[in-house]
Amino acid sequence: MIKLPLIVLNFKVYSEAIGEKAVKLAKYAEEVSREYDVGLAVAPPTTELKTIVESVNIPVFSQHVDPHPCGSWTGGIVVEMLKEVGVVGSIVNHSEKRMILADIAIVLKRLKDNNLVSLLCTDTIETTKAGAALSPDIIAIEPPELIGTGIPVSKARPEIVQGAVEVVKKNNPSIHILCGAGISTGEDVAKAIELGAEGVLLASAYVKARDPKTILLSMADAALKAWENR
Ligand code: G3P
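We now turn to the structure provided with this report.

Calculation criteria
- Residues numbered from 1 in each chain as written.
- Predicted model: local features only at pLDDT ≥ 70, side-chain atom pairs only at ≥ 80, totals over all residues.
- Heavy atoms only, no water.
- Salt bridge = Lys/Arg side-chain N within 4 Å of Asp/Glu carboxyl O.
- Helix = DSSP H or I, 4+ residues; strand = E, 2+ residues; numbered from the N terminus.
- Buried < 20%, exposed > 50% of the residue type's maximum accessible area, 1.4 Å probe, protein only.
- Pairing = 2+ DSSP bridges.
- Core = buried A, V, L, I, M, F, W, Y, C linked by side-chain atoms within 4.5 Å.
- Contact = heavy atoms within 4.5 Å.

## Notes on the pattern of salt bridges
Any two side chains of opposite charge can pair, given that their charged atoms come close. Applying the stated rule across the entire model yields 15 salt bridges. Among the ionic pairs, Lys3 bridges to Asp37, the shortest N-O distance being 2.7 Å. Of this pair, Lys3 sits in the segment before strand E1 (6–10) while Asp37 sits in the loop between helix H1 (20–35) and strand E2 (39–43), and the two are 34 residues apart along the sequence. Salt bridges sharing partners connect three or more residues here, namely Glu145, Arg157 and Glu159.

Dropping the structure here:
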C-alpha cells in the first residue's frame with residue numbers, strides 16, 4: 001500500500017484545491033505515478049475526499065481525524081467515516097491541526113484497528129522519538145517555521161532530517177520517515193532522500209504552482225534517481 005520513495009501532496013484548504021480543481025490536482029498525481037515508479041499520494045480537503053477516491057487510483061489520505069468514536073461529536077471526523085469513504089489513511093497531528101499526545105495515541109490505534117495507514121507529523125527530533133514510540137506507519141518531520149516559505153527543510157535544516165531518520169530507524173525501523181516544509185523542487189526532494197528520508201510531504205509548491213504536473217514530474221524523476229543511488 002505504501003510505495004517508496006513516497007511523495008505525499010497535502011492540498012490543505014487552498015482555494016486552488018476545492019471542487020474540480022482538487023480532482024485535477026489528484027489526476028496529475030495519478031498520471032505522474034504511471035510514468036514514474038514512485039509512490040504518489042494525495043490529501044485533499046475533507047469535503048473532496050469521496051470524489052477524489054472515486055476519481056483516481058492512487059492512495060488518498062485524510063488531512064485529519066479526531067480521536068472520538070461515532071456519536072455526539074458535532075463537526076467531528078471519525079475513523080469510521082474515513083473507512084466508509086475509502087481513503088487509505090490519515091495525516092495525524094499536522095502542525096496546522098495539532099493534537100495532544102493522549103489523543104494521538106488513540107487515533108493511531110483506531111486507524112490501525114481499522115486497517116488504515118497513519119501518517120504522523122512531528123516538529124522536532126524529540127517529538128519524532130516520542131511519536132515513534134506510538135508506532136505509526138509513517139512519520140513526517142516538518143519544522144513549522146519553514147512551512148509555506150519555499151525554504152526547503154532538506155537544505156535549510158539537514159540536521160533535523162538526519163536526526164529524525166536516525167531516531168526512527170534506531171527506535172522503530174518499520175516506520176517510514178518523510179520530511180516536509182518548503183519542499184519546492186526536484187533538487188529539494190533528492191536532497192531529502194540523500195539525507196535518509198524515504199520521501200516528502202509537501203503542499204504549496206504543488207497546489208499553488210502554475211504548472212503543477214511539470215513540477216511533480218521533476219520531483220518524481222529526482223526522487224527516483226536519488227532513491228536508486230542511495
Ligand atoms: O503538509 C505539508 C506542509 O505542511 C508543508 O507545506 O507548503 O511548505 O510544502 P509546504
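Further notes follow.
## A closer look at the pairing of E1
Within E1, 5 of the 5 residues are buried, which leaves the element mostly enclosed by the surrounding structure. Residue alternation in E1 divides its side chains into two sets, Leu6, Val8 and Asn10 and Ile7 and Leu9, and both sets are buried. Relative to E2, E1 is paired through 5 bridges, and the arrangement is parallel. Bridge pairing in E2 links Val8 to Ala41.

## Considerations on the nonpolar core
Ranked by internal contacts, the top residues of the largest apolar core, which has 67 residues, are Ile7, Leu9, Phe11, Val42, Leu202 and Tyr206. Considering each element in turn, this core owes the most residues, 8 residues, to helix H10 (residues 212–228). In this structure Ile7 touches Gly39, Leu40, Ala41, Val200, Leu202, Leu216, Met219, Ala220 and Ala223, once residues within four positions along its chain are discounted. In this structure, Phe61, Val88, Leu119 and Cys121 belong to the second largest nonpolar core, which totals 14 residues.

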